[in-house]
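Chains, contacts and geometry: an overview
Here is how the chains run, residue by residue.
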Amino acid sequence: MSRIAYVNGRYLPHAEAGVHIEDRGYQFADGVYEVCGVRDGKLMDETLHLERLQRSLRELRIGMPVPLPALRHILRETIRQNRISNGMVYFQVTRGVAPRDHPFPKDARPSLVVTAKRLNEGRIAAAVASGVEVITLPDRRWARRDIKSIALLPNILAKQAAREAGAYEAWLVDADGFVTEGSSTNAWIVDREGRLVTRPAGPDILNGITRRVLLEAARREGIEVVERPFTPEEAKSAREAFISASSAIIIPVIRIDGQPVGNAVPGSTTLRLREAYSRVGELS
Ligand code: PDD
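Residues numbered from 1 in each chain as written. Predicted model: local features only at pLDDT ≥ 70, side-chain atom pairs only at ≥ 80, totals over all residues. Heavy atoms only, no water.

This part covers empty space enclosed by the protein. Under the counting rule described, the total for this entry stands at one cavity of 30 Å³ or more. Considering only enclosed or pocket space, the largest cavity measures out at about 30 Å³ in volume. In terms of lining residues, the largest cavity is bounded by Gly-37, Met-44, Asp-45, His-49, Ile-209, Thr-210, Ser-246 and Tyr-277. Residue composition of the lining of the largest cavity, grouped by class: three nonpolar, four polar and one charged. Residue contributions to the lining of the largest cavity reach at least three from each of two domains, namely domain 1 (4-119) and domain 2 (124-280). (1 Å grid on protein atoms, 1.4 Å probe; cavity = no way out; pocket = protein on both sides within 12 Å on 5 of 7 lines; lining within 4 Å. Points joined across faces, edges and corners; volume = space filled by probe spheres on them. Nonpolar A, V, L, I, M, F, W, Y, C, P; charged D, E, K, R; others polar. Domains from an automatic or database assignment.)

Here it is as structure tokens:
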């Protein structure tokens with residue numbers, strides 16, 4: 001079956017879908033995005049993703065491309081037309097098309113693109129079963145990582161460096177020597193006392209939707225949670241480590257910069273949280 005993409009009011013064959021060469025997303029990375037999981041045909045944590053999208057847009061003074069109910073409909077329709085039951089939907093809003101000039105254009109209309117794809121369930125299951133390796137690298141991003149901007153150059157360079165080192169993800173380290181997050185995931189450890197540790201939300205990290213749901217899941221499970229920064233050294237001597245994102249929820253980390261975490265197998269708290277996630281559902 002051929003894939004379908006939504007572009008500014010039209011559902012088009014994926015291979016033919018495109019935006020104008022002067023779309024500000026294309027020329028300036030002047031836009032934001034969301035990736036929302038689809039399980040059994042339903043959007044996961046939809047409201048939280050839509051709220052974060054609206055927040056990112058407000059921070060950059062980009063308007064909503066369509067009213068919220070219309071956007072919800074377009075997401076569902078894109079999933080339906082692509083017949084996705086387990087996968088993810090990607091949606092991106094840019095400031096629109098205008099002659100290339102740095103200041104905001106006066107009357108550009110925001111562009112909306114929506115695509116959907118199946119999950120590579122085998123790859124995720126294998127990563128969850130075996131755990132993955134991460135490397136640490138300096139965090140070279142801008143100061144507003146809480147905005148889910150499509151400007152991802154430092155993220156993709158870090159991810160590529162990880163892959164070339166045979167690792168799954170790069171954990172980014174700030175100027176003070178603390179882990180901020182992964183190049184496309186939030187970073188977590190379980191310390192020696194069994195407490196769940198992750199960096200507090202703020203401008204230094206993207207406040208992941210999975211992160212928020214997992215914090216709630218942990219509290220419901222009676223797992224003690226501490227939101228504070230941690231160093232790569234602490235992570236290497238932690239009991240467990242893992243990464244979180246909407247695409248795969250949780251993937252255990254078993255090695256950091258080549259050093260084993262615990263016994264170098266997925267940790268029990270990590271796997272317990274993965275189970276607990278599905279019981280939380282959407283936070284209200
Ligand atoms: N990445 N941190 C960064 C830098 C991210 O790009 C992401 C998501 C996360 C996790 O956020 P969430 O739990 O809301 O997915 C944290 C998406 C999946 C991506 O870029 O494909």
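Here the focus is the site of the ligand. Around the ligand sit 19 residues in total, of which Tyr-33, Glu-181, Ile-209, Thr-210 and Ser-246 are the nearest. Here an oxygen atom of the ligand and a side-chain polar atom of Ser-246 are 2.7 Å apart. About the coverage of the ligand: the protein hides 89% of its 480 Å² of free accessible area. If you list the elements that add at least two residues to the shell around the ligand, you get strand 3 (31-39), strand 9 (179-182), helix 6 (209-221) and strand 13 (240-245). Residue composition of the shell around the ligand, grouped by class: five nonpolar, 10 polar and four charged. When we break the shell around the ligand down by domain, the ones giving at least three residues each are domain 1 (4-119) and domain 2 (124-280). (Near = heavy atom within 4 Å. Polar contact = N/O pair within 3.5 Å; in protein donor to acceptor, adjacent residues only side chain to side chain. Areas by Shrake-Rupley, 256 points an atom, 1.4 Å probe, with all protein chains shown as cover. Helix = DSSP H or I, 4+ residues; strand = E, 2+ residues; numbered from the N terminus.)

Right, let's get into the domain arrangement of the protein. As far as domains go, the protein holds domain 1 (4-119) and domain 2 (124-280). Listed by partner, the interface residues are 24 residues for domain 1 and 20 residues for domain 2. Between domain 1 and domain 2, roughly 1,700 Å² of surface is buried when both sides are summed, and carbon and sulfur atoms account for 62% of that area. Together, Tyr-33, Leu-48 and Arg-52 form the three largest contributors to the area buried by domain 1 at its contact with domain 2, with a combined 34%. Summed over the shared surface of domain 1 and domain 2, the number is two salt bridges. Taking the shortest distance from any N to any O, the salt bridge between Arg-144 and Glu-59 comes out at 3.0 Å. There are eight residue pairs in polar contact (both at pLDDT 80 or more) connecting domain 1 and domain 2. Within the residue set of the side of domain 1 that touches domain 2, elements represented by two or more residues are strand 3, helix 2 (46-60) and strand 5 (87-94). Broken down by class, the residue content of the side of domain 1 that touches domain 2 amounts to 10 nonpolar, seven polar and seven charged. (Contact = heavy atoms within 4.5 Å. Buried area = accessible area lost by both parts, 1.4 Å probe. Salt bridge = Lys/Arg side-chain N within 4 Å of Asp/Glu carboxyl O.)

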